Structures are given as C-alpha cells and as structure tokens.
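A structural walkthrough
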Amino acid sequence: MNILFLHRNFPSQFVHLAKALAKNKKNEVYFITNNYDQNLTGVKRFFYQTKREIPENTHKYVKFYEDSIIHGQAAAEVAIRLKRQGFKPNIIYGHSWGLPMYMKDIFPDVPLLCYFEWFYNSTSGDFGFDKNRIIHVDDLAKLRSWNAPFLVDLYSCDAGISPTKFQKSQIPKEFQSKVKVLHDGIDTDFYAPDQNAKFVIKDENLTFTKNDEVVTYGTRGMEAYRGFPEFMKALNILLKKRPKLHAIIAGEDRVVYGPKLKGTTYKTLMLEQLDLDLKRVHFVGHLPPAEYAKLLQISSAHVYLTYPFVCSWSLTDAMSSACPLIASSTPSITEFVEDKKDGLLFDFFNFEEQAEKIEYALDHPNEMKILGKNARNKILQKYSVKKLLPKHLAYLESIIQNYHK
C-alpha cells in the first residue's frame with residue numbers, strides 16, 4: 001500500500017497507524033507536514049513552508065479559512081512535486097485542518113479519507129456552553145464561517161473518520177453517512193498502573209508515590225475550555241480542609257482552545273483571586289509522555305474537565321492507568337465515563353460539588369480503586385490500540401477496494 005498522510009502536527013492522531021504501516025516493507029508511507037520535531041522509522045516526511053501570514057486587514061470571519069487555504073496550498077505544492085517524481089498513493093489520509101483541501105485536484109482518481117475532529121455549532125457543543133457569556137450575531141456569523149474548510153473536505157472526501165460518537169454528532173446530518181466512528185486507540189501498555197511509581201519534581205526536591213495524598217490535573221493549556229478556573233476554586237477549598245494534600249498541575253500557562261483573557265492569563269488570575277498554599281501547589285509545565293504516565297500512576301485523584309468539545313488524550317490515558325477519576329459530566333466525557341462505575345462526575349461549573357467529589361475520592365481509596373480498574377477494563381475492551389489498529393487497517397483496505405469497483 002502506498003499511503004500519503006497529511007497533518008500539520010506530525011504524527012499526532014496518525015502515530016499508531018503510520019508506525020504499523022511502516023513496519024511492512026511492502027508499504028510506502030509518505031507524510032506531508034510542517035512539524036520537524038519528531039521522526040518515525042520507515043515514514044518518509046516531506047515538509048511544506050507557508051508563503052505568507054494572514055494579512056491584518058483580512059476579515060475576521062474568514063481568517064481561519066484563509067489560514068487553511070495557506071496551509072492547503074503549501075501542502076498541495078509538495079504533493080505536486082511527489083506526483084512529478086512518480087509517486088501515486090493508493091489512499092490519502094488527511095486531518096481536516098486545511099491540508100486535504102486540494103488533494104482531489106492533484107490525485108483525482110485516489111480515494112481521500114479525512115479525519116474530522118471538530119465541526120462548530122451554535123446550538124450544541126462548546127459554543128454557548130457558558131451561559132454567562134453574551135453571544136452576539138457577530139459571534140454566530142464568525143462561527144458559521146469557520147466551518148468553511150471542513151465543509152470543503154466533507155464534500156471532497158470519499159470517506160471520513162471521527163474518533164467519537166459525540167464528535168460525529170456535530171457534523172451536519174447530510175454528511176454523517178460519509179463518516180465512520182473509529183477512535184485513535186490508547187497504548188494500554190504504556191499507560192498502565194504501577195503501584196511502585198515515583199514522580200519527582202527536581203526543582204523542589206520532592207518525590208511523590210501512591211502513599212501520598214495527591215490531586216492531579218493535566219491539559220495542554222490552563223484555560224476555561226478545560227475548566228482550569230473551576231478546578232483551582234475547588235482546590236482552594238480542599239487545601240484548607242486537608243493539610244497533607246498536594247496538587248500537581250501539568251500544562252502550560254497559555255490558552256490552546258477558547259477565548260483568551262485580555263492582559264493576563266487564567267493562571268495569573270486564579271493565583272491573584274485565591275488564597276492558595278503555594279507550597280502544596282506544584283506547576284510542573286509540559287511533561288514528556290513518560291513523566292506524565294508516572295504522574296497518573298501516583299495520583300490519588302485525577303481531575304478532568306472540558307466544555308462539550310474534543311476530549312484531551314489525558315482523559316483516556318488516565319482511564320488506561322486505572323487512575324481514580326473525577327470529571328465533569330459533559331457529553332464528550334460521558335461517552336467514556338459512567339458516573340460511579342468508571343469515575344465520579346460533577347457539574348462543570350459547580351466547583352463546590354467538584355471539591356466534594358474529590359474529597360470523597362480521597363476518603364474512599366478502596367472504592368476508587370475499583371472504579372479505576374473498571375475504567376482501565378473499559379479502555380482495554382473498547383479503546384486499546386491493539387484492538388482498534390486492525391480495524392483502522394481493515395477500513396483503509398476497504399476504502400481502496402470499494403473505490404476501484
């Protein structure tokens with residue numbers, strides 16, 4: 001099989017599939033990206049360079065579309081070069097974030113599979129979830145315009161993949177028949193429980209184990225979309241009640257998803273508003289996967305919140321690690337977590353209820369151990385990469401075979 005992957009952030013969601021295909025010497029695995037940071041054995045990377053930035057005077061409604069066009073055009077130029085050199089894929093698999101937009105114009109007789117991560121809606125999902133946010137027609141118009149690149153891909157693609165039922169449900173019904181729900185898969189050998197694990201914070205000369213009372217929180221950015229303010233308010237309650245409690249927060253002081261604050265960050269704002277014992281609150285920044293796995297292994301209670309939006313990998317990684325899980329009861333989470341079976345759920349905006357659920361978890365470790373085992377079993381049964389990878393490979397083969405019938 002000759003396959004061409006497309007993703008700005010190599011290898012991202014395609015890591016397991018690309019590795020598996022590259023192991024077979026009969027396959028040629030090509031990957032167009034602009035991420036130079038990583039490398040995979042057997043995967044041939046081809047880098048593109050965007051030619052310009054988005055002009056400042058570009059209408060705000062179409063900035064995201066123009067960004068997608070700029071990246072899509074740059075990726076298309078690389079694909080044209082590969083075609084001239086004699087490369088023809090059996091299938092193209094691209095993340096719908098600009099790069100697949102023009103592939104059908106270059107390889108019109110090659111099936112195009114698109115990975116659809118998120119389609120924006122004004123009546124469901126993340127937008128309007130915070131009832132305190134005033135929504136104007138201007139916001140709605142901008143949101144509608146943001147979907148332009150996804151609509152191009154939904155029209156152009158021969159098939160699509162969405163990792164969860166919830167994410168697929170956001171796609172317009174007239175296109176849903178094209179899209180198959182198929183999760184990326186979790187490396188359950190890597191994210192697994194270890195009672196002897198140790199998490200070391202070198203800068204503070206601290207070492208934590210399962211014997212310590214530790215609440216953990218980890219996302220890419222400290223932002224409203226991932227409930228960082230609500231978590232900090234709950235933590236403020238808990239630290240005052242539990243003198244032995246420590247909190248370890250992984251992530252960067254930035255906003256990855258959702259609106260930014262003017263002139264400050266959510267971390268700065270929370271530290272200014274709350275009277276926290278900072279000797280027991282440890283901000284450890286972005287962690288490499290091996291360190292993050294250790295953090296989950298020593299956690300007494302792992303807290304995860306999100307708007308109704310794409311779930312972070314950190315949720316399923318925690319479940320795979322049999323971590324005692326306390327999470328917000330938002331639709332994207334409830335597809336994975338059943339209250340009092342795999343974890344404890346709470347209302348996203350009710351930080352007092354969140355604090356109660358965390359404290360319950362800390363006071364009932366044996367009960368939470370059972371929930372953690374249930375969570376891991378669910379991942380092993382439904383979301384393990386060992387089970388899902390063969391399904392991905394079979395789906396690719398079926399698309400190729402049906403396309404040429």
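The following refers to the structure shown.

So, how was this worked out
Residues numbered from 1 in each chain as written. Predicted model: local features only at pLDDT ≥ 70, side-chain atom pairs only at ≥ 80, totals over all residues. Heavy atoms only, no water. Phe/Tyr/Trp six-rings, centres within 6.5 Å; stacked < 30°, edge-to-face > 60°. Buried < 20%, exposed > 50% of the residue type's maximum accessible area, 1.4 Å probe, protein only. Helix = DSSP H or I, 4+ residues; strand = E, 2+ residues; numbered from the N terminus. Contact = heavy atoms within 4.5 Å. Polar contact = N/O pair within 3.5 Å; in protein donor to acceptor, adjacent residues only side chain to side chain. Axes fitted to C-alpha atoms, helices over the stretch in contact; angles between N-to-C directions. Parallel < 35°, antiparallel > 145°, perpendicular 65-115°, else oblique. Nonpolar A, V, L, I, M, F, W, Y, C, P; charged D, E, K, R; others polar. 1 Å grid on protein atoms, 1.4 Å probe; cavity = no way out; pocket = protein on both sides within 12 Å on 5 of 7 lines; lining within 4 Å. Points joined across faces, edges and corners; volume = space filled by probe spheres on them. Salt bridge = Lys/Arg side-chain N within 4 Å of Asp/Glu carboxyl O. Expected span 1.5 Å × (residues − 1). Pairing = 2+ DSSP bridges.

Describing the packing of aromatic side chains
As enumerated under the stated definition, the model contains 28 aromatic pairs in all. Measuring from centroid to centroid gives 5.2 Å for Phe5 and Phe14, while their planes differ by 35°, and the two rings are tilted. Among the residues examined, Phe5 registers a relative accessible area of 0% and is labelled buried. Looking at Phe14, the relative accessible area reads 1%, which means it is buried.

Some words on the environment of Tyr115
Mapped onto the elements, Tyr115 comes out in strand β5 (residues 112-115). As a C-alpha pair, Tyr115 and Ala20 span 95 residues in sequence and 18 Å in three-dimensional space. Discounting chain neighbours no more than four positions away, the residues touching Tyr115 are Gln13, Phe14, Tyr93, Gly94, His95, Ser96, Ile161, Pro163 and Asp184. Reaching out from Tyr115, the side chain makes a polar contact with the side chain of Asp184 at a distance of 2.8 Å.

A short note on the packing of helix α13 (residues 351-363) against helix α14 (residues 365-383)
In the contact formed by α13 and α14, the axes pass within 5 Å of each other and the chain directions differ by 100°. Classified by the angle their axes make, α13 and α14 are roughly perpendicular. Listed contacts from α14 to Tyr360, Ala361, Leu362 and Asp363 of α13 are Pro365, Glu367 and Met368. Tallied by class, the residues present in the contact of α13 with α14 amount to 5 nonpolar, no polar and 2 charged.

Focus on the layout of surface pockets
Looking at the second largest pocket, its volume works out to about 470 Å³. Lys210, Ser299, Pro324, Pro365 and Lys369 are, among the 22 residues lining the second largest pocket, the residues nearest its centre. Mapped by element, the contributors of at least two residues to the lining of the second largest pocket are α10 (289-298), α13 and α14. Ranked by the residues each element gives to the lining of the second largest pocket, the list is headed by α14, at 6 residues. When its residues are assigned to classes, the lining of the second largest pocket shows 9 nonpolar, 7 polar and 6 charged.

With respect to the environment of Asn39
With respect to the secondary-structure elements, Asn39 resides in the loop between β2 (28-33) and β3 (43-47). Asn39 sits in the exposed class, given a relative accessible area of 57%. As a C-alpha pair, Asn39 and Pro11 span 28 residues in sequence and 8.3 Å in three-dimensional space. If we ignore the near neighbours within four places in the chain, the residues touching Asn39 are Phe10 and Arg45.

Some points on the pattern of salt bridges
In total, this model carries 17 salt bridges according to the counting rule given. For the salt bridge of Lys357 with Glu353, the shortest nitrogen-to-oxygen distance reads 3.6 Å. Of the two residues, Lys357 and Glu353 both sit in helix α13, 4 residues apart, roughly one turn of that helix. Overall, the relative accessible area of 21% leaves Glu353 in the partly exposed class. Salt bridges sharing partners connect three or more residues here, namely Glu213, Lys241, Arg242, Glu359 and Asp363.

Some details on helix α8 (residues 228-241)
For α8, built from 14 residues, the straight-helix expectation of 20 Å at 1.5 Å per residue is met to within 8% by its first-to-last C-alpha distance of 20 Å. Counting buried residues along α8, 10 of its 14 residues qualify, which places the element largely inside the surrounding structure. Residues of α8 that are buried: Phe228, Pro229, Glu230, Phe231, Met232, Ala234, Leu235, Asn236, Leu238 and Leu239. Check the buried side of α8 and you find it contacts β10 (214-221), β11 (246-252), α9 (266-273), β12 (281-285), β13 (301-304) and α13.

Considerations on the sheet that holds strand β7 (residues 179-181)
Taken together, 7 strands build an open sheet; the order of strands is β3-β2-β1-β4-β5-β6-β7 and the sheet is parallel. Strand pairing shows two members of the sheet lacking a second neighbour, β3 and β7, which therefore form its edges. Sheet twist, expressed as the mean angle between neighbouring strand axes with direction ignored, is 20°. Examined bridge by bridge, strand β1 (residues 2-6) and strand β4 (residues 91-95) share 4 bridges and lie parallel to one another. Note that in β4 the partner of Leu4 across the bridge is Ile92. Set on the sheet, helix α15 (residues 385-403) makes contact with β1, β4, β5, β6 (159-162) and β7; between it and β6 the angle comes to about 165°.

So, empty space enclosed by the protein
Taken as a whole, this structure holds 2 cavities of 30 Å³ or more when the rule is applied. Reported here for the largest cavity is a volume of approximately 60 Å³. In this structure, the largest cavity is lined by Gln13, Phe14, His16, Leu17, Tyr93, Tyr115, Asp184, Leu389 and His392. For the lining of the largest cavity, the secondary structure elements donating two or more residues are α1 (15-23) and α15. The class makeup of the residues in the lining of the largest cavity is 5 nonpolar, 3 polar and 1 charged. In terms of lining residues, the second largest cavity is bounded by Phe116, Glu117, Trp118, Phe119, Phe150, Leu154, Ser162, Gln167 and Ile171. Classifying every residue of the lining of the second largest cavity by side-chain character gives 6 nonpolar, 2 polar and 1 charged.

The quantities given are spatial measurements derived from coordinates; they are silent on function.
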